[in-house]
Amino acid sequence: MLLALNIGNTNITFGGYDPDGKRVFSSKLYSDSALSSDELVYKIVNMLALYGASPLDVDGVILASVVPALTARMREALQKMTTAPLMEVGPGLKSGVRIRMDNPAQLGGELLCAAVAALRCHEPPLLVMNMDTATTIVAVDAAGSIVGGMILPGPQLSLAALVRNTAQLPQVDPDTAPRRLLGTNTADCLHSGIVFGTAAMLDGVIARCRAALGAPDAAVVATGSLPESIRAACGTAIDYRETLILDGLFAIWKRNAHR
């Protein structure tokens with residue numbers, strides 16, 4: 001079994017794949033930068049057991065990370081947990097996707113993996129979005145190359161900033177649909193603003209990115225913590241795939257496994 005892991009700012013997602021690319025399981029842990037390598041081992045081993053697997057089943061590992069504080073500890077944890085070979089997404093690994101940006105090394109590994117997986121299910125040009133603490137979008141041109149992107153606050157971050165920096169705004173749950181567009185109390189107004197405001201922002205950003213690509217019908221493929229409530233409020237059709245990054249990690253591992 002291949003164990004694929006992605007360390008994001010909000011969650012550590014991981015999944016197991018058989019040699020044919022069939023996903024055996026997928027799960028996530030809170031991305032706590034204070035975790036030690038031993039704590040990471042404990043959490044991952046117990047999560048594997050939850051899905052009927054063990055470290056002995058792992059014969060390969062691939063890791064992507066955008067959290068440097070956790071990367072080294074996760075590497076150490078994996079080396080304690082298994083003797084299987086470890087790949088890390090970065091310079092030296094072949095993805096099959098050309099990166100036409102000022103500094104390709106600055107592109108987050110999770111976005112590269114997401115683009116790799118998106119290109120397996122959609123023809124380019126397309127847009128790939130990962131919603132985490134930040135919402136990140138990359139544009140893939142008709143030749144299948146990553147040509148640029150955007151970074152903007154995720155809805156949970158925006159909501160937290162509003163609640164933290166104002167005196168009387170309550171916490172609301174953006175994962176649920178607002179009761180109405182025009183709220184009649186403070187909580188409903190905030191709830192509507194976060195959900196419909198984020199949806200309207202995404203619609204506008206997507207329209208501009210499509211225009212920049214010269215592709216008004218470019219597919220939009222999304223992953224991460226993009227609530228269904230926001231997807232439903234968008235006027236743009238969004239193909240949401242929860243395990244997009246993990247699927248991309250498997251594809252990259254397969255491309256590089258026998259080099």
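Heads up: the structure comes first, above all this text.
Residues numbered from 1 in each chain as written. Predicted model: local features only at pLDDT ≥ 70, side-chain atom pairs only at ≥ 80, totals over all residues. Heavy atoms only, no water.

1. Things to note about the environment of Gly-92
Here is the rule we go by: Numbered from the N terminus, helices here are DSSP runs of H or I no shorter than four residues, and strands are runs of E no shorter than two. Buried residues are those whose accessible area, probed at 1.4 Å on protein chains only, stays under 20% of the maximum for their type, while exposed residues exceed 50% and partly exposed ones sit between those limits.
Looking at the element boundaries, Gly-92 is found in the loop between strand S5 (86–88) and helix H3 (109–118). Classification of Gly-92 by relative accessible area gives exposed; the value is 55%. A sequence separation of 164 residues divides Gly-92 from Asn-256, and the C-alpha atoms of the two residues are 9.6 Å apart.

2. Structural notes on the nonpolar core
Operational definition: The set of buried Ala, Val, Leu, Ile, Met, Phe, Trp, Tyr and Cys residues whose side-chain atoms join them within 4.5 Å is what this entry labels a nonpolar core. Any two residues having at least one pair of non-hydrogen atoms within 4.5 Å are treated as being in contact.
One finds Ile-62, Val-128, Ile-146 and Leu-249 to be the most contacted residues of the largest nonpolar core, which totals 30 residues. Those elements that place two or more of their residues in this core are strand S1 (2–7), strand S4 (60–65), H3, strand S6 (126–131), strand S7 (134–140) and helix H7 (244–256). The residues touching Ile-146, leaving out its near neighbours within four places in the chain, are Val-97, Arg-98, Ile-99, Arg-100, Met-101, Leu-107, Leu-112, Ala-115, Val-138, Ala-139 and Val-140. Listed in part, the 25 residues of the second largest apolar core include Leu-5, Val-61, Leu-70 and Met-81.

3. Side note on the layout of surface pockets
As a reminder of what qualifies: Buried and open spaces are told apart on a 1 Å grid over the protein atoms alone, a cavity being a set of points where a 1.4 Å probe fits but cannot get out and a pocket being an open set with protein on both sides within 12 Å along at least five of seven lines. Residues with an atom within 4 Å of a point are the lining residues. Grid points are joined across faces, edges and corners, and a volume is the space filled by probe spheres set on the points. Asp, Glu, Lys and Arg are counted as charged, while Ala, Val, Leu, Ile, Met, Phe, Trp, Tyr, Cys and Pro are counted as nonpolar; the rest, among them Gly, fall into the polar class.
Computed from the structure, the largest pocket encloses a volume of approximately 660 Å³. Those elements that place two or more of their residues in the lining of the largest pocket are strand S2 (11–17), strand S3 (23–30), H3, S6, S7, strand S8 (146–153), strand S9 (219–224) and H7. Here the lining of the largest pocket is built from residues that sort into 15 nonpolar, 18 polar and four charged. Empty space within the second largest pocket amounts to approximately 370 Å³. Around the second largest pocket, the lining comprises 21 residues; the ones closest to its centre are Val-89, Gly-90, Pro-91, Leu-107 and Leu-112. For the lining of the second largest pocket, the secondary-structure elements that each account for two or more residues are S4 and H3. In terms of residues, the lining of the second largest pocket owes the most to one element, S4, which gives three residues. Here the residues of the lining of the second largest pocket sort into 11 nonpolar, eight polar and two charged.

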